[in-house]
Amino acid sequence: MNLLIPTLPSHFVIVACELVGFNSPLDHPWVELPETRDDPHVHSCDCYKQFGRGQSGKCYLQIEVPLRGYRFITEDGESRYVLGQCVRCKTMFWSEAR
């Protein structure tokens, strides 16, 4: 059996994200950000496509997700990530900080 295993931050980082204010990061999907982005501080979430049309019949606008840098320190060292969460679908967006 050939399974696709997504690349994710360490379990420690995912759990710690709740402590820094993200909404239930263990319960929502994680999407790795592309290395090249138009704006390093914002990412557009496409969840409006999943939810379809609002009650008014108009499509929801694409949601801009603010991204911030975070540093996590463990006994093994430190790791730095760029993280953000969509306010609508709660998807977590991440990349290793460079």
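Procedures and definitions
- Residues numbered from 1 in each chain as written.
- Predicted model: local features only at pLDDT ≥ 70, side-chain atom pairs only at ≥ 80, totals over all residues.
- Heavy atoms only, no water.
- Helix = DSSP H or I, 4+ residues; strand = E, 2+ residues; numbered from the N terminus.
- Buried < 20%, exposed > 50% of the residue type's maximum accessible area, 1.4 Å probe, protein only.
- Contact = heavy atoms within 4.5 Å.
- Areas by Shrake-Rupley, 256 points an atom, 1.4 Å probe, with all protein chains shown as cover.
- 1 Å grid on protein atoms, 1.4 Å probe; cavity = no way out; pocket = protein on both sides within 12 Å on 5 of 7 lines; lining within 4 Å.
- Points joined across faces, edges and corners; volume = space filled by probe spheres on them.
- Pairing = 2+ DSSP bridges.
- Axes fitted to C-alpha atoms, helices over the stretch in contact; angles between N-to-C directions.
- Disulfide = S-S within 2.5 Å.

What follows concerns the overall build of the protein chain. If you tally the helices and strands in the protein chain, you get two helices and six strands. Counting from the amino terminus, helix and strand elements in the protein chain follow one another as α-β-β-α-β-β-β-β. Across the 98 residues in the protein chain, those meeting the buried criterion constitute 31%. Long-range contacts, defined as pairs at least 24 residues apart, comprise 45% of the intrachain contacts of the protein chain with a sequence gap of at least 6. Surface exposure of the protein chain reaches about 7200 Å², of which carbon and sulfur atoms provide 51%.

Leftover empty space is mapped by rolling, across the atoms, a probe with the size of a water molecule. Considered as a void within the structure, the largest pocket measures approximately 250 Å³ in volume. Looking at the largest pocket, it is lined by 17 residues, and the ones nearest its centre are Arg37, Val82, Ser95, Glu96 and Arg98. With three residues, the top contributor of residues to the lining of the largest pocket is strand S6 (residues 92-96).

Here we come to the sheet that holds S6. Here four strands make up an open sheet; going across it, the order is S1-S6-S5-S4 and the pairing mixed. The sheet terminates laterally at strand S1 (30-32) and strand S4 (68-74), the two strands that pair on one side only. Between one strand axis and the next, the sheet turns through 35° on average, direction left out of account. Sheet topology note: the S1/S6 ladder contains three bridges and is parallel. Across the sheet, residue valine 31 finds its bridge partner in S6, namely phenylalanine 93. Contacts from helix H1 (residues 11-19) reach S1, S4, strand S5 (77-85) and S6 within the one sheet, and its direction differs from that of S4 by about 120°.

Enumeration over the complete set of coordinates arrives at zero disulfides. Looking at the unpaired cysteine 89, the closest cysteine sulfur is the one in cysteine 45, lying at 3.7 Å.

Moving on: the pairing of S6. Looking along a regular strand, one sees the side chains alternate between the two faces of the sheet. The buried fraction of S6 is high, at four of five residues. In this sheet, S6 lies alongside S5 in antiparallel orientation, the contact comprising five bridges. The residue of S6 that forms the bridge with valine 82 is serine 95. As consecutive antiparallel partners, S5 and S6 are separated by six residues, and within that stretch lysine 90 has a phi angle of approximately 70°, a positive value.

Looking now at the side chain of threonine 91. Counting through the fold element by element, threonine 91 comes out in the loop between S5 and S6. The residues contacting threonine 91, other than those within four sequence positions of it, are Pro29, Val31, Gly84, Gln85 and Cys86.

None of this, on its own, says anything about what the molecule does.
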